[in-house]
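Per-entry structural report
Residue-level listing of the chains:
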Amino acid sequence: MRAKRPDLPGTGTARLAPDMAEAMEARSHAPRAPGAYLALTRDRARTFGGRALIFVLTLGAAMLCALPFILLSGANLAVTAEAFFNGALGSKFAVAETLVQMIPLLIAGLAVAISFHGGLFNIGVEGQLIFGGLVAGVIGAEVNAPPLVLTALCLLGGIAGGAFAALIPALLKAYRGVHEVVTTIMINFIAISVALYAVSPAGPFVSATQPSATEKIPREARLSMIWDGTRLHFGLIIALLTVIGIWWLLYRTPLGFRIRLLGANPGAARASGVSVPRITIATLLISGGLGGLAGAVQVLGVYGRFFDAFSAGYGYDAIAVALLAALSPIAMIISAFFFAMLDSGAVQMQAVAGISREMVGVVSGLVVAFVAIQPAILHLWARLRQKTAQRRDRNITSGDPA
Amino acid sequence: MSAPSVHKAAAIRLTGIDKRFGAVHANRAIDLSVAPGSIHGLLGENGAGKSTLMKILFGMIHADEGRVEIDGTPVAFRSSAEALSAGIGMVQQHFSLIPAFSVVENLIMGRARGSVLSRLTRKLDLKAAAERAQELSDRFGFGIDPLAKVATLSVGARQKVEILKALWGGARTLVLDEPTAALSPPEADELYAVLHRLRSEGTTIVLISHKMPEIMHLCDRVTVLRDGAVVGEAELAGQALDEPAVRQPIEAALVNMMIGRDKPELPERAPLEGPVILDIRGLTDGTRLGPIDLKVHGGEIVAVVGVEGNGQSELVELLMGLRKARDGMIGIDNHNVVDWPTQRRLDAGLAHISEDRHATGVADTMSLIDNASIGFVDGAPFSGSPLSLSQKQRRIFTEVLIEQHKVRTPSPDLPMASLSGGNQQKLVVGRELARAPRLMIAAQPTRGLDIGSTVAVQDALLRLRAEGNAVLLLSLDLNEVFAIADRLVVLRKGRIVGTMQSADFDIDQIGRWMSGAVEHVATKPEETDPQTLEAAS
């Protein structure tokens, strides 16, 4: 018989033909042709180059389209550009501020990306972020625990809060097929309203001294500063670790494989034994948890307390961050940094060149638009090339060298 | 309008149409002539080349060779809009109507002429359009209210609206692609009445179908395609088809043309009777399949044949756990798996070469490595724990598959979409074989493959058999069935209507079963042995 049958069928282990296992074993020990690594490196370089090109083109197109708006507001372009770069990168403080802005964008971007990988459009990251921030702020203010334990509790609470905000959309999608875009947007409003209420004058968690905020989290339990003289906090490390973690999850674990397969072809996922409801729920809970983490980190690292307007729409900008990075966790470091630059540069731009901060929103909207039309552009490009090739063929067959 | 002439030119004349897609010869020097004012049937299994031929007629794809004439005039359409303006309309199998719009709104959609400005400023005269639609509907007996919302119409009525839409555009020749595929029998009858009426008003109709009664009922003449070539024609007009004695031989002859008449060369094979591996009893999904009983032993390849759409897909989905069984049991290796989820069935030794690769077999945007890993991500050798999935092992696995199954690709890192269909299929077959299946469900495993790859896949199935495993082969290609199956069962209307051992393979009898010329042959239920099964887990 070809295969050794497992004693109990359905043991949760994929079957593999013994001769296949042998062939793999032999191949793993066989010396590789020297050209193989070269080819692999070349392929990877080419893929990377292609992605980088798309990244730059998307960004360039978005900036170019934003240009008329800047000119319309009557600003001097050179002054504007200078102000922007000074604000974003001009000093130690500017760089640190940019990095501070980047932290929530990066974590929330990962939240968006993982759901998009699973073919699910979690538009509710903003609500999950606010809810996570609220839970973290409340735990930090109300729970008595040693500092580091309290920090951990706040972060875990934030994750749980964000996941909780995503739970209802997840269940509705998995078992009733209700579209997650609709439900997550609605949960946004609910989460924001709950947070507003919690710290309203009548709310249960409002601070005695500060309206619209919780009590302060003990200083020792907040995220420590990691760059003297700036506001840059330990959240940056958390964000970068999260990048690695999510990359690992997506590309180096069975769960991540299932999430990607579900996103790429639900039919193939189902036929290969993936439980679609289960993976749908897992994906949305992880996504919501990351959103909550972004909120918790912001509360613990920047403000030291939850207050109702603590998110500057990070959950929405995160969609642009994720799309610009083509959903790649690693590339998201760059795209989040870019949007953070926009955010911190915009402050200076407004002060010096008189350009409204809202310009950031314009650029991020344009990025989403340009990412959205990428398939159409690629299609056009392919058709154009095909037509050119056809014309060439025809010229060759008709003997016309023109 | 064609000029009246003494010798009426054919409404459509295709001459020597030839088309290749890579290794697949989709159309082989096809000649087809459709008389004006007739209903002409185009009969053939899926993949026989019918839709390619019609796409060539409409200029959607270009023939490598051959000529198209409409009403005696040579044409070369570059788009379906050009075909329509020459009076040819096509009704696709899938509806193209907008449900939220009324019938008349659907009719006028996309028909505006003139400059952009005039189109934007001109008043939309829905009332006149509705009157014209009513007129057309009355003339051909459609019985359609032009002001009704399409969403409120039955499937049968929608199909009529599709036809109305083609006529609205001025079509004098209609090509209908399996128009009754989604219709209930009474709805189909209504549609037949409309088609008869259209013919009597002088419309030419080409009817693509594989439903035998439909062809017999409607067509004046029928052309049969197989493997991209015309394999026969039959004149039906003027035959006394109401007489079973007249009808049945014609039906059987058509089915034989459709499925292939070549007397198979039976390869020498020692019978290998192992224990029962697949044991289906009283299985039904409550709608389109069953109840059926079927046993497949180790060392046996059992083919399920039948005209497409007679329950094959439902059977596969039930076996895979993708469709809920209403009743009955599925035994695999003495376990009743009927309530098991798909994953558990795969782990227990089920493998599946999917009939529709793009729907359920592969993920086009994922890499070859990812596609090779589908269904392999649990446990060794790729995953030591839920926290790890070895990229290195997956790469090696994919490279071995590529090598063993001669998949042509420059790199396993490329997306699946970069491979040709045949190479994708080879990777899928390799992947499924690598599961060491106890029961392999192979649905159209060689469709679209070139001869070399076809033989390789069939050899692989024979090897599984030789190793004592069971193979359930679903194939439309009877030559393939004859070449490798030990036994076949014929599925018709969701029931097994006949079964035959390879030694007795008789193509005429199979054809009769498939076409229903022999209505329900009582098959001897296979002897059941309750001891071989454990209680359902």
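Residues numbered from 1 in each chain as written. Chains lettered and ligands numbered in written order. Predicted model: local features only at pLDDT ≥ 70, side-chain atom pairs only at ≥ 80, totals over all residues. Heavy atoms only, no water.

**Comments concerning the overall build of chain A**
The secondary structure content of chain A amounts to 15 helices and zero strands. The principal-axis extent of the C-alpha atoms belonging to chain A is close to 80 × 70 × 45 Å. For chain A, with 402 residues in total, the buried portion stands at 48%. Total accessible area on chain A stands at roughly 19400 Å², and carbon and sulfur atoms take up 67% of it. In chain A, which carries 30 positive and 19 negative side-chain charges, the distance between the mean positions of the two groups comes to 11 Å. (Helix = DSSP H or I, 4+ residues; strand = E, 2+ residues; numbered from the N terminus. Buried < 20%, exposed > 50% of the residue type's maximum accessible area, 1.4 Å probe, protein only. Areas by Shrake-Rupley, 256 points an atom, 1.4 Å probe, with all protein chains shown as cover. Lys, Arg positive; Asp, Glu negative; His and termini not counted. Charge placed at Lys NZ, Arg CZ, Asp CG, Glu CD.)

**Focus: the confidence of the model for chain A**
Residues and elements named next belong to chain A. In this model, chain A carries an average pLDDT of 88, and 94% of its residues clear a pLDDT of 70 or more. The low-confidence segment residues 1-10, where pLDDT is below 50, has 26 contacts with residues more than four positions distant or belonging to other chains. This stretch, residues 397-402, has a pLDDT under 50; its non-local contacts, to residues over four places away or in other chains, come to two contacts. (pLDDT = per-residue confidence, 0-100. Contact = heavy atoms within 4.5 Å.)

**Quick notes on the interface of chain B and chain A**
The partner chain A presents 40 residues to the 59 residues of chain B that form the contact. Counting the surface lost from both chain B and chain A, the interface buries some 4300 Å², and carbon and sulfur atoms represent 58% of this. For the pair chain B and chain A, the number of links is four salt bridges. Across the chain B-chain A interface, the total number found is 16 residue pairs in polar contact (both at pLDDT 80 or more). Elements with a minimum of two residues in the side of chain B that touches chain A: helix 11 (342-347), helix 12 (357-361), helix 13 (368-373) and helix 14 (391-404) of chain B. (Buried area = accessible area lost by both parts, 1.4 Å probe. Salt bridge = Lys/Arg side-chain N within 4 Å of Asp/Glu carboxyl O. Polar contact = N/O pair within 3.5 Å; in protein donor to acceptor, adjacent residues only side chain to side chain.)

**Describing unusual backbone geometry**
In this structure, A:Ala326 takes a positive phi of about 50 degrees despite not being glycine. With respect to the helices and strands, the residue A:Ala326 is situated in the loop between helix 12 (314-324) and helix 13 (329-353). Despite not being glycine, B:Asp333 has its phi angle at roughly 50 degrees, a positive value. If you trace the backbone, B:Asp333 turns up in the loop between strand 14 (327-332) and strand 15 (335-336).

**A look at the sheet that holds strand 5 (residues 73-75) of chain B**
Residues and elements named next belong to chain B. Judged by pairing direction, the sheet is antiparallel, and its four strands sit side by side in the order 2-1-4-5 without closing on themselves. If you trace the sheet from one side to the other, it starts and ends with strand 2 (24-34) and strand 5, each paired once. The sheet shows a mean angle of 30 degrees between the axes of neighbouring strands, taken without regard to direction. The pairing of strand 4 (residues 65-70) with strand 5 spans three bridges and is antiparallel. Residue pairing for strand 5: Val-68 is matched across the bridge by Val-75. Contacts from helix 1 (residues 50-57) reach strand 1 (12-21), strand 2 and strand 4, with the element oriented near 115 degrees to strand 1. (Pairing = 2+ DSSP bridges. Axes fitted to C-alpha atoms, helices over the stretch in contact; angles between N-to-C directions.)

**A closer look at the environment of A:Arg219**
By the element assignment, A:Arg219 lies in the loop between helix 7 (180-198) and helix 8 (235-252). Sequence-wise, A:Arg219 and A:Leu300 are 81 residues apart; in three dimensions their C-alpha atoms are separated by 9.2 Å.

**Focus: the domain arrangement of chain B**
The domains assigned to chain B are domain 1 (12-96 + 168-259), domain 2 (273-349 + 438-537) and domain 3 (364-435). One C-alpha centre belongs to domain 1 of chain B, the other to domain 3 of chain B; they are set 41 Å apart. (Domains from an automatic or database assignment.)

**Considerations on the nonpolar core**
Formed by 121 residues in total, the largest nonpolar core has its most connected members in A:Leu261, A:Phe339, A:Val367 and B:Phe397. Per element, the largest residue contribution to this core is 15 residues, and it comes from helix 4 (residues 92-117) of chain A. If we skip the residues at most four places from it in the chain, A:Val367 touches A:Thr58, A:Leu59, A:Ala62, A:Ala320, A:Leu324 and A:Phe339. With 85 residues, the next largest nonpolar core counts B:Leu107, B:Ile215, B:Leu218 and B:Val471 among its residues. (Core = buried A, V, L, I, M, F, W, Y, C linked by side-chain atoms within 4.5 Å.)

**Some remarks on helix 18 (residues 507-515) of chain B**
All names here are of chain B. Extensive coverage of helix 18 is indicated by the burial of seven of its nine residues. Every buried residue belonging to helix 18 is among Ile-507, Gln-509, Ile-510, Gly-511, Trp-513, Met-514 and Ser-515, and all of these are buried. On its buried face, helix 18 sits against helix 9 (244-259), strand 13 (300-305), helix 17 (478-484), strand 19 (487-492) and strand 20 (495-501). Two to three positions downstream of the cap, the backbone nitrogen of Asp-508 sits 3.0 Å from a side-chain oxygen, assigning the N-cap of helix 18 to Asp-506.

**Thoughts on the pattern of salt bridges**
Scanning the entire structure with this criterion turns up 26 salt bridges over all chains. Between A:Arg27 and B:Glu399 there is a salt bridge, with the nearest N and O atoms lying 3.0 Å from each other. Placement of A:Arg27 in helix 1 (residues 18-29) and of B:Glu399 in helix 14 is noted, with the two residues assigned to different chains. For A:Arg27, a relative accessible area of 28% translates into the label partly exposed. The closest approach of N and O atoms between B:Glu69 and B:Arg67, which form a salt bridge, is 3.1 Å.

**Notes on a negative patch on the surface**
Taken together, the side chains of B:Asp125, B:Glu131, B:Glu135 and B:Asp138 define an acidic patch exposed on the protein surface. Among the secondary structure elements, B:Glu131 is positioned in helix 5 (residues 126-140). (Patch = residues over 30% accessible without salt bridge, like charges linked within 9 Å, V, L, I, M, F, W, Y side chains within 5 Å.)

**Things to note about the confidence of the model for chain B**
Low pLDDT marks stretches whose predicted atomic positions should not be read closely. Residue and element names in this part refer to chain B. Predicted confidence across chain B gives a mean pLDDT of 84, with 90% of residues reaching 70 or more. The spread of mean pLDDT over the elements of chain B runs between helix 4 (residues 116-121), the lowest at 75, and strand 17 (residues 439-443), the highest at 96. The model gives residues 1-6 a pLDDT under 50, and that stretch makes two contacts with residues more than four places away or in other chains. Contacts for the low-pLDDT stretch residues 520-537, under 50 throughout, to residues beyond four places or in other chains number 31 contacts.

**Some words on the sheet that holds strand 17 of chain B**
Residue and element names in this part refer to chain B. Across the sheet, which stays open at both edges, the six strands sit in the order 16-17-18-13-19-20 with mixed pairing between neighbours. For this open sheet the edge positions go to strand 16 (350-353) and strand 20, each flanked by a neighbour on one side alone. Averaged over all pairs of adjacent strands, the angle between their axes in this sheet comes to 20 degrees, without regard to strand direction. Taken together, the five bridges between strand 17 and strand 18 (residues 470-474) define a ladder with parallel strand orientation. Residue Ala-443 lies in a different strand from strand 18, and its bridge partner there is Leu-474. Contacting strand 16 and strand 17, helix 15 (residues 421-433) crosses the sheet at an angle of about 175 degrees to strand 16.

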